[in-house]
Amino acid sequence: MKPSQFLTLLFLAFSFQVSAQNLKALVGGTLIDGFGGTPIRNSVIIIKGERIKAIGQVGSLAIPAGAEVISTEGMSVLPGLWDMHVHLMLNGHSDYTHWDSTYIDVFESVIMPSSAHQLLMAGVTSARDLGAPLEASINVRERIKRGEIPGPTIYVSGPFIQKAPYPGTEAFRWGVNGAADARAKVKKLIDAGVDVIKLIDQDQMTLEEAKAVVDEAHKYGKMVVGHSHRPDEIRIGLQIGVDNFEHTGLSSAPEYPEDIMQMMKERAAKMNLGPLFWTPTVEGLFNYEYVRDNPEKLDDTSWHLGLPDSIIRDIRASLRFPGRMSYFQLTPVRKPTLDRKFAQLKESGVVMLVGTDSGIPMKFHSQSTWNELDVWVNHFGMDPLLTIKAATYWPAVAMKVDKDYGTISEGKYADIIAVRGDVIRYINLLQDVDLVMKHGRKVK
């Protein structure tokens, strides 16, 4: 045999070995693919590198020789979860003013990486971060993308756009003064590389300013996420073309006014514009009284991940008296309105997305997302498969990345989680995810 032939055979043997090592097979579990249809029993998922190669069932889809076999027997297998409203710069502390002034210099180096890692360990493989200093947002997203730190695939807004920042929040809230300034601020964010534009207090802007924000974002293909806390935030948001509203809003008012419902229905009917998305973020409000009266979950050390002892102690001290927090004092009056408002959102034709506001007082990135799904299913009566779809398929569609993410289907990134038991019957099993895979690599 000539030396060149030997080297060729050696190269082919090495290539085969690398290829075999690059194959994984998840075998035996019940597959919930994210599309909302009937789960596949005894599933087989073949993964090559970062992406899904084939899907089938035991006995009908052969497992390639040399593939790493990962048993999912007795487990529910589903796409990695999305959380469409997180705040990486926050981690449950009850005093925003203290938190911002004390820790802003370590948001990028400590706080945001910690939050991202906690989300990933909770089975969240994609997340939308809605509000943080611009440079920190971009840098943390890119470090995760490069594999330097663990975390979900992150989509960032950078600073909020609003009429005027609250005192001490100028690093992550940008005010606008006139339509030209509004366009310039949005363009600055887009040039820096943000994924979405976050709009708040649009009812305090002139109509020209608010419209300029949306028009400039849409000019560059960026969606606009708008707050919906007050009736006119919704009315103006619908008028100017906001793509995705956040929160149920309207404080303790019992329901959305009829004119807003009519506007929502009319917008939902315009198929040429795509869905109108809504992220209700209900679990923080819904679960407050329970956590106040049963605070044991605050001692769960999962939220300590990545934080130094000094910050852990500070957070714990701030949560010493859950019942005294001004942030939640109106919540017992607001909570009874959630049933009606959630039902109205379903009736209006909007497409609801799972998001949590994770990071607000007593709401940790390691716990928030599964709690949102649990409330949707076990209190509001949402179909579990459609709830999972709202945390997988629809977020990927909203972010225009559904060619790569959102479902377990051929060609997409292998962002997959698995949990022991039947998650369709017991959605709260998601509080303890057994397997987390991101881009084909096991991270838990």
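Not measured: the values here are computed from a predicted model.

Draft legend 1. Structural context of the overall build of the protein. Per the secondary structure count, the protein includes 15 helices and 19 strands. Compactness check: the protein gives a C-alpha radius of gyration of 23 Å against a globular reference of 22 Å for 444 residues, within 12% of the reference. Referenced to the eigenvectors of the C-alpha coordinate spread, the extents of the protein come out at roughly 80 × 50 × 45 Å. Evaluated residue by residue, the protein yields a buried proportion of 55% over its 444 residues. When contacts within the protein are restricted to residue pairs at least 6 apart in sequence, those whose partners lie at least 24 apart make up 72%. Carbon and sulfur atoms form 53% of the exposed surface of the protein, whose accessible area is close to 18,400 Å². Counting 48 positive and 52 negative side-chain charges, the protein places the averaged centre of each group 4 Å from the other.

Draft legend 2. Structural view of the UniProt feature "domain: Amidohydrolase-related" (unreviewed entry) in the protein. Here, UniProt's "domain: Amidohydrolase-related" (unreviewed entry) annotation points to residues 77-443. Annotated as 39% helix and 14% strand, the span residues 77-443 places its first and last C-alpha atoms 15 Å apart.

Draft legend 3. Seen up close, the packing of helix 9 (residues 283-293) against helix 13 (residues 368-378). Taken N-terminus to C-terminus, the directions of helix 9 and helix 13 make an angle of 95°; their axes are 9 Å apart at the nearest point. In terms of orientation, helix 9 and helix 13 fall into the roughly perpendicular class. Contacts between helix 9 and helix 13 involve Glu-283, Phe-286 and Asn-287 from the former and Ser-368, Asn-371, Glu-372 and Val-375 from the latter.

Draft legend 4. Quick look at the nonpolar core. Ile-161, Ile-197, Leu-199 and Leu-430 are the most contacted members of the largest nonpolar core, which has 97 residues in total. In terms of residues, this core owes the most to one element, helix 3 (residues 107-121), which gives six residues. Built from parts of two domains, this core gets at least three residues from each of domain 1 (20-79 + 407-443) and domain 2 (81-405). Counting residues in hydrophobic clusters, the runner-up holds 17 residues, among them Trp-82, Met-84, Val-196 and Val-225.

Draft legend 5. Summary view of the side chain of Asp-415. Here Asp-415 lies in the loop between helix 15 (393-398) and strand 17 (416-420). In this structure, Asp-415 is in contact with Leu-78, Pro-79, Gly-80, Thr-125, Ser-126, Tyr-405, Met-437, Lys-438 and His-439, ignoring residues within four places of it in sequence.

Draft legend 6. Molecular detail of helix 4 (residues 134-145). The end-to-end C-alpha distance of helix 4, which contains twelve residues, comes to 17 Å, matching closely the 16 Å that a straight helix rising 1.5 Å per residue would cover. Here helix 4 has its buried residues at Leu-134, Ala-136, Ser-137, Ile-138, Val-140, Arg-141 and Ile-144. Tucked into the core, helix 4 has its buried residues touching helix 3, strand 8 (124-129), strand 9 (153-156), strand 11 (173-175), helix 5 (179-192) and strand 18 (435-438). Backbone geometry just downstream of helix 4 places Gly-147 in the positive-phi region, at approximately 80°.

Draft legend 7. Focus on unusual backbone geometry. Located in the positive-phi region is Asn-42, a residue other than glycine, with phi close to 50°. Inspection of the secondary structure assignment puts Asn-42 in the loop between strand 2 (30-31) and strand 3 (43-48). Positive phi outside glycine occurs at His-247, with the angle close to 80°. Within the secondary structure, His-247 is located in the loop between strand 14 (244-246) and helix 8 (258-268).

Draft legend 8. Focus on the pattern of salt bridges. Applying the stated rule across the entire model yields 23 salt bridges. Among the charged side chains, a network of salt bridges with common partners joins Arg-141, Glu-142, Lys-145 and Asp-195.

Draft legend 9. Local environment of the sheet that holds strand 17. Overall, mixed pairing links the five strands, which are arranged 2-6-17-18-19 in an open sheet. With one partner strand each, in any of the chains shown, strand 2 and strand 19 (441-442) form the two edges of the open sheet.

Draft legend 10. Quick look at the pairing of strand 3. The buried fraction of strand 3 is high, at five of six residues. Note that strand 1 (residues 23-27) and strand 3 share five bridges and pair antiparallel. Paired with Leu-26 across the strands is Ile-45, a residue of strand 3. Across six bridges, strand 3 lies against strand 4 (residues 51-57) in antiparallel orientation.

Draft legend 11. Representation of the packing of aromatic side chains. Evaluation of the coordinates by the stated rule reveals 16 aromatic pairs. Relative to Phe-328, the ring of Tyr-288 lies with its centre 4.4 Å away and its plane at 10°, an arrangement referred to as stacked. Here Tyr-288, found in helix 9, pairs with Phe-328, found in the loop between helix 10 (309-318) and helix 11 (331-334); they are 40 residues apart in sequence, far enough to count as distant. Tyr-288 sits in the buried class, given a relative accessible area of 2%. One aromatic cluster is present, built from ring pairs that chain together Phe-35, Phe-277, Tyr-393 and Trp-394. Here Arg-51 stacks its cationic end above the ring of Tyr-413, 3.9 Å away from the centre of that ring. The side chain of Arg-173 reaches across the aromatic face of Phe-160, ending 4.2 Å from its centre.

Draft legend 12. Looking closely at the sheet that holds strand 1. Read across the open sheet, the four strands follow the order 4-3-1-5; overall the sheet is mixed. One side of each edge strand has no neighbouring strand; the edge strands of this open sheet are strand 4 and strand 5 (68-71). Going across the sheet, the axis of each strand differs from the next one's by a mean of 20°, ignoring polarity.

Draft legend 13. Here's a closer look at helix 6 (residues 207-219). For helix 6, built from 13 residues, the straight-helix expectation of 18 Å at 1.5 Å per residue is met to within 8% by its first-to-last C-alpha distance of 18 Å. For helix 6, the complete set of buried residues consists of Glu-209, Ala-210, Ala-212, Val-213, Val-214, Glu-216 and Ala-217. Packing partners of the buried residues in helix 6 comprise strand 10 (160-162), helix 5, strand 12 (196-199), strand 13 (223-227) and helix 7 (231-240).

Draft legend 14. Here's a closer look at the packing of helix 5 against helix 6. Remark: helix 5 packs on helix 6, axes separated minimally by 8 Å, with the N-to-C direction vectors making an angle of 30°. Between helix 5 and helix 6, the angle falls in the class roughly parallel. Handedness of the helix 5/helix 6 crossing: right-handed. Packed against helix 5, whose contacting residues are Ala-179, Ala-182, Arg-183, Val-186, Lys-187 and Ile-190, the element helix 6 presents Glu-208, Glu-209, Ala-212, Val-213, Glu-216 and Ala-217 at the interface. Its residues assigned to classes, the contact of helix 5 with helix 6 shows seven nonpolar, no polar and five charged.

Calculation notes
Residues numbered from 1 in each chain as written. Predicted model: local features only at pLDDT ≥ 70, side-chain atom pairs only at ≥ 80, totals over all residues. Heavy atoms only, no water. Helix = DSSP H or I, 4+ residues; strand = E, 2+ residues; numbered from the N terminus. Rg over C-alpha atoms; globule rule 2.2 N^0.38 Å. Buried < 20%, exposed > 50% of the residue type's maximum accessible area, 1.4 Å probe, protein only. Contact = heavy atoms within 4.5 Å. Areas by Shrake-Rupley, 256 points an atom, 1.4 Å probe, with all protein chains shown as cover. Lys, Arg positive; Asp, Glu negative; His and termini not counted. Charge placed at Lys NZ, Arg CZ, Asp CG, Glu CD. UniProt positions renumbered as here; feature names shortened; annotations may be inferred. Axes fitted to C-alpha atoms, helices over the stretch in contact; angles between N-to-C directions. Parallel < 35°, antiparallel > 145°, perpendicular 65-115°, else oblique. Core = buried A, V, L, I, M, F, W, Y, C linked by side-chain atoms within 4.5 Å. Domains from an automatic or database assignment. Expected span 1.5 Å × (residues − 1). Salt bridge = Lys/Arg side-chain N within 4 Å of Asp/Glu carboxyl O. Pairing = 2+ DSSP bridges. Phe/Tyr/Trp six-rings, centres within 6.5 Å; stacked < 30°, edge-to-face > 60°. Lys NZ or Arg CZ within 6 Å of the ring centre and 35° of its normal. Left-handed = near helix turned anticlockwise from the far one by under 90°. Nonpolar A, V, L, I, M, F, W, Y, C, P; charged D, E, K, R; others polar.

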